[in-house]
Amino acid sequence: MIRHALRGPSLAVFACALALSACATTGDGAASPDGSDEAEASSERTLATGLDYAANPDPYPSTYQPLPRDNVAIVGGTVLTGTDQRIEAGVVLVSDGNVEAVGPASTPVPAGYRVVDARGRFVTPGIIDVHSHLGVYPSPGVSGMSDGNEATSPNTAQVWAEHSIWPQDPGFNTARAGGITTLQILPGSANLFGGRSVTVRNIPSITMQGMKFPGAPYGVKMACGENPSRVYGGRNQSPATGMGNVAGYRAAFIAAQDYRDKWDKWRETGEGSPPTRNLQNETLAGVLDGTIMVQNHCYRADEMAVMLDIAKEFGYRITAFHHAIEAYKLAPQLAAAGVCADMWTGWWGFKMEALDGIEANVALVDAPEGSCAVIHSDDAQLTQRLNQEAAAALAAGRAAGLDITEAHAISWITSNAARSIGIGDETGSLEPGKRGDVVIWSANPFSVYARADQVFIDGALTFDRFDPRYQPVSDFELGQPGFGLAAATVNEGAR
């Protein structure tokens, strides 16, 4: 999709950049018959490397390659597809890294497929954590590795989380052992605009690019509420209040609109000097054009409503509110606007804006037609147990009188999560044609006793609780105290 590949300002601008001669005009507005003026204008608008964002919209491209794999048939397990479907004694076929078929026991298994016996176990799509700081706030948690908050200005939209990721973070391995196959890595929430997020595949890699999800859209982290006003108010500068926050968002989008319009005008006319490239405005211009998704840290319902109004004022769309402690208070409005709410189940009360949290939040947000309820972690430990967070939310929703099936609730950490970060057409559910991201659980994933036994990413076995060969460790862990000690009742190295 072009919106995924572009990752930058104006689609119209990009179209002109790909065909400068078609956009060039003579002084009177008509193209020169012999093309000489057209060629001259085109030449004049060819900028030095790095000065024209449209000439290279993806300067840090993914180099991700799936791990070695074969064709697999997972048979006999209870399959939760992520599309509200539950199949007892089901069959999941994965070929060439993609889901080929999902069906009942009668589904034929082609010759040559490696058969995995999942009888007595459960099979789900890979779990997606839409709010993670792994790699940018890695373990060990020391100041030299604290790379997630560029807390130097209320607007740091110019920074990209991917440039802080440390791929050796042991947290990626422990998350994989919890069934996590894809993560959105975000900057922190000290600023009104914290910077760009990046979506990664949870495989061992030497480089960030080796994990980067090919073609996944960028997000921009925005934060409302106490964090930015506390950080900058504590420095006796704006924003120090909620109204200062809002003024800061509006000023930033006004500047981004002006920046986008100047580039568009220069592309169209070729007159004068081109605008100076501004990475901060470039990211926000991408928001205005819809090529960069807004991932908005926001706790209170009243503040979420204000953020929706700001989006209307400047013509952009909020993709998801993160944390969203009070999302249950405006669940119908969120569903009507097509905005996801990415939430915890049990975290609340740790500051004033988190005071009104309830465990049924996810279930209540999920209730309206067209809703998008998601469970996230924001934590290196919680990401290992998102299935348990979903179980607690399901129990709270049922206690509140809502009729919710497990087949539906699994979407909170799979298909809805994929939708929240713009990759729902590629992963998040077990459907033919989608990526072969699959978890085989030892028991019902809504049980506290369930553990991920095998994890497949693009059809490749990436974690196996029973085989140390498929239990990757970070180079950082080698030689650390406790390394190599056997855990209770499991093979050496299992997590």
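Residue numbering note: each chain is counted from 1, following its sequence as written. The predicted origin of the model limits local features to residues at a pLDDT of at least 70 and limits the giving and counting of side-chain atom pairs to 80 or more, whereas totals for whole chains, interfaces and linings rest on all residues. No hydrogens and no water enter the side-chain calculation; it runs on all heavy atoms of the structure.

Focus: the environment of Ala450
In step 1: Turning to its location among the elements, Ala450 is positioned in the loop between strand E14 (438-441) and strand E15 (452-457).
In step 2: Given a relative accessible area of 8%, Ala450 falls into the buried group.
In step 3: Separated by 65 residues in sequence, Ala450 and Arg385 have C-alpha atoms that sit 9.7 Å apart.
In step 4: Ignoring anything within four residues of it in the chain, the contact list for Ala450 reads Asn387, Trp441, Ser442, Ala443, Asn444 and Pro445. Working definition: helices are DSSP H or I runs of at least four residues, strands are E runs of at least two. Numbering for both runs from the N terminus. Buried means the residue's accessible area, taken with a 1.4 Å probe over protein chains only, is under 20% of the maximum for its type, while exposed means over 50%, and partly exposed covers the values in between. We call two residues in contact whenever any of their non-hydrogen atoms come within 4.5 Å of each other.

Considerations on the pattern of salt bridges
In step 1: We define a salt bridge as a side-chain nitrogen of Lys or Arg found within 4 Å of a carboxyl oxygen belonging to Asp or Glu. The tally for this structure, following the rule as stated, stands at 23 salt bridges.
In step 2: Here Arg114 ties to Asp70 by a salt bridge, and the two come within 3.1 Å at their closest N and O atoms. Highlighted residues: Arg114 in strand E4 (residues 114-117) and Asp70 in the loop between helix H4 (36-44) and strand E1 (72-80), separated in sequence by 44 residues.
In step 3: Exposure remark for Asp70: the relative accessible area of 35% places this residue in the partly exposed category.
In step 4: Where Arg260 meets Asp289, a salt bridge forms, and the shortest distance between an N and an O atom there is 3.1 Å. Residue Arg260 is found in helix H7 (residues 242-269), and its partner Asp289 is found in helix H8 (residues 279-289); the two are separated by 29 residues along the sequence.

Considerations on the packing of H7 against H8
When two helices pack together, their arrangement is captured by the angle between the axes and the distance separating the axes.
In step 1: Here H7 crosses H8 at 85°, and the two axes come no closer than 8 Å. Compared by their axis directions, H7 and H8 come out roughly perpendicular. For the pair formed by H7 and H8, the contact residues are Ala252, Phe253, Ala255, Ala256, Gln257, Tyr259 and Arg260 on the first element and Asn281, Glu282, Leu284, Ala285, Val287, Leu288 and Asp289 on the second.
In step 2: Among the residues making up the contact of H7 with H8, the classes are represented as nine nonpolar, two polar and three charged. Each axis is a line fitted through C-alpha atoms, taken for helices only over the stretch in contact, and angles between the N-to-C directions span 0 to 180 degrees. Here the word oblique covers every angle except those under 35 degrees (roughly parallel), over 145 (roughly antiparallel) and from 65 to 115 (roughly perpendicular). Residues are sorted three ways: Asp, Glu, Lys and Arg are charged, Ala, Val, Leu, Ile, Met, Phe, Trp, Tyr, Cys and Pro are nonpolar, and all the rest, Gly among them, are polar.

Observations concerning the state of the cysteines
In step 1: By definition, disulfides here are pairs of cysteine sulfur atoms that lie within 2.5 Å. Scanning all chains against the criterion turns up two disulfides.
In step 2: Across a sulfur-sulfur distance of 2.0 Å, Cys224 and Cys298 are joined as a disulfide pair. Taking the sign of the S-S torsion, 120° for the link of Cys224 and Cys298, the bridge is right-handed. Here Cys224, found in the loop between strand E9 (219-223) and helix H6 (226-233), pairs with Cys298, found in strand E10 (residues 293-298); they are 74 residues apart in sequence, far enough to count as distant. For the pair Cys224 and Cys298, a shared accessibility class is recorded, and that class is buried.
In step 3: The partner cysteine of Cys340 in its disulfide is Cys372, sulfur to sulfur 2.1 Å. The S-S bond linking Cys340 to Cys372 shows a torsion near 80°; that makes this disulfide right-handed. Taken together, the residues Cys340 in strand E12 (residues 340-343) and Cys372 in the loop between helix H11 (361-366) and strand E13 (373-375) connect sequence positions 32 residues apart. For the pair formed by Cys340 and Cys372, the shared burial category is buried.

Points about the nonpolar core
In step 1: Joining through side-chain atoms within 4.5 Å is the link that ties buried Ala, Val, Leu, Ile, Met, Phe, Trp, Tyr and Cys residues into a set, and such a set is a nonpolar core. The biggest cluster of nonpolar side chains holds 78 residues, and the ones touching the most others in it are Tyr316, Phe321 and Trp412.
In step 2: Of the residues forming this core, the biggest block, seven residues, is contributed by helix H9 (residues 301-314).
In step 3: When sequence neighbours within four positions are dropped, the list of residues in contact with Phe321 reads Asn296, Cys298, Met304, Met307, Leu308, Leu334, Val339, Cys340, Ala341 and Asp342.
In step 4: Counting residues in hydrophobic clusters, the runner-up holds 15 residues, among them Ile74, Val79, Val94 and Val123.

A short note on the confidence of the model for the protein
In step 1: Every residue gets a pLDDT, meaning the predictor's confidence in that residue, from 0 to 100. Summarising the model, the protein shows a mean pLDDT of 90, and 88% of its residues fall at 70 or more.
In step 2: Predicted confidence for residues 38-43 stays below pLDDT 50, and this span has seven contacts to residues more than four positions away or in other chains.
In step 3: pLDDT under 50 marks residues 490-495. Its contacts with residues more than four places away, or in other chains, come to 22 contacts.

So, the sheet that holds strand E11 (residues 318-323)
In step 1: Paired strands, as defined in this entry, are two strands with at least two bridges between them according to DSSP. Sheet architecture is open: eight strands sit in the order E6-E7-E8-E9-E10-E11-E12-E13, paired in mixed fashion. Either end of the sheet is taken by a strand with one partner, and the two such strands are strand E6 (127-132) and E13. Each neighbouring strand pair of the sheet contributes to a mean axis angle of 25°, computed without reference to strand direction.
In step 2: Summarising the sheet, E10 and E11 pair through five bridges and their orientation is parallel. For Asn296, the partnering residue across the bridge sits in E11 and is Phe321.
In step 3: Where H9 meets the sheet, it contacts E9, E10 and E11, and its direction lies at approximately 160° from that of E11.

Digging into the packing of H7 against H9
In step 1: H9 packs onto H7 with a crossing angle of 20° between their chain directions and a minimal axis gap of 11 Å. If you check the angle between H7 and H9, you find them roughly parallel. Crossing of H7 over H9 shows right-handed handedness. For the pair H7 and H9, the contacting residues are Val246, Tyr249, Arg250, Phe253, Ile254 and Gln257 in the first and Val306, Met307, Ile310, Glu313 and Phe314 in the second.
In step 2: Taken together, the residues of the contact of H7 with H9 break down into eight nonpolar, one polar and two charged. The handedness criterion is simple: a crossing whose near helix is rotated anticlockwise from the far helix by less than a right angle is left-handed, and one whose near helix is rotated clockwise is right-handed.

Structural notes on the pairing of strand E2 (residues 86-95)
In step 1: Most of E2 sits inside the fold, with seven of its ten residues counted as buried.
In step 2: Where E1 and E2 come together, seven bridges link them in antiparallel fashion. Across the sheet, Gly77 pairs through a bridge with Gly90, a residue of E2.
In step 3: Between the antiparallel neighbours E1 and E2 lie five residues, among them Gly82 with a positive phi of about 85°.
In step 4: With five bridges connecting them, E2 and strand E3 (residues 98-103) associate as antiparallel partners. What sits directly across from Val92, in E3, is Val102.
In step 5: If you look at the hairpin formed by E2 and E3, you'll find two residues sitting between the two strands, and Asp96 has a positive phi there, around 50°.

Focus on the pairing of strand E8 (residues 193-201)
In step 1: Most of E8 sits inside the fold, with nine of its nine residues counted as buried.
In step 2: Relative to E8, strand E7 (residues 180-185) runs antiparallel, the two being bridged by four bridges. Looking at E8, one finds that Thr182 is bridged to Arg201.

Considering helix H5 (residues 170-177)
In step 1: With eight of eight residues buried, H5 is to be regarded as a mostly interior element.
In step 2: Looking at H5, one finds that the buried residues are Pro170, Gly171, Phe172, Asn173, Thr174, Ala175, Arg176 and Ala177.
In step 3: Contact partners of the buried residues in H5: E7, E15 and strand E16 (460-464).
In step 4: Nitrogen and oxygen atoms within 3.5 Å of one another constitute a polar contact, given that in protein one can donate a hydrogen and the other can accept it, and given that sequence-neighbouring residues count only through two side-chain atoms. Where H5 begins, the capping side chain belongs to Asp169, and its oxygen is found 2.9 Å from the backbone nitrogen of Gly171.

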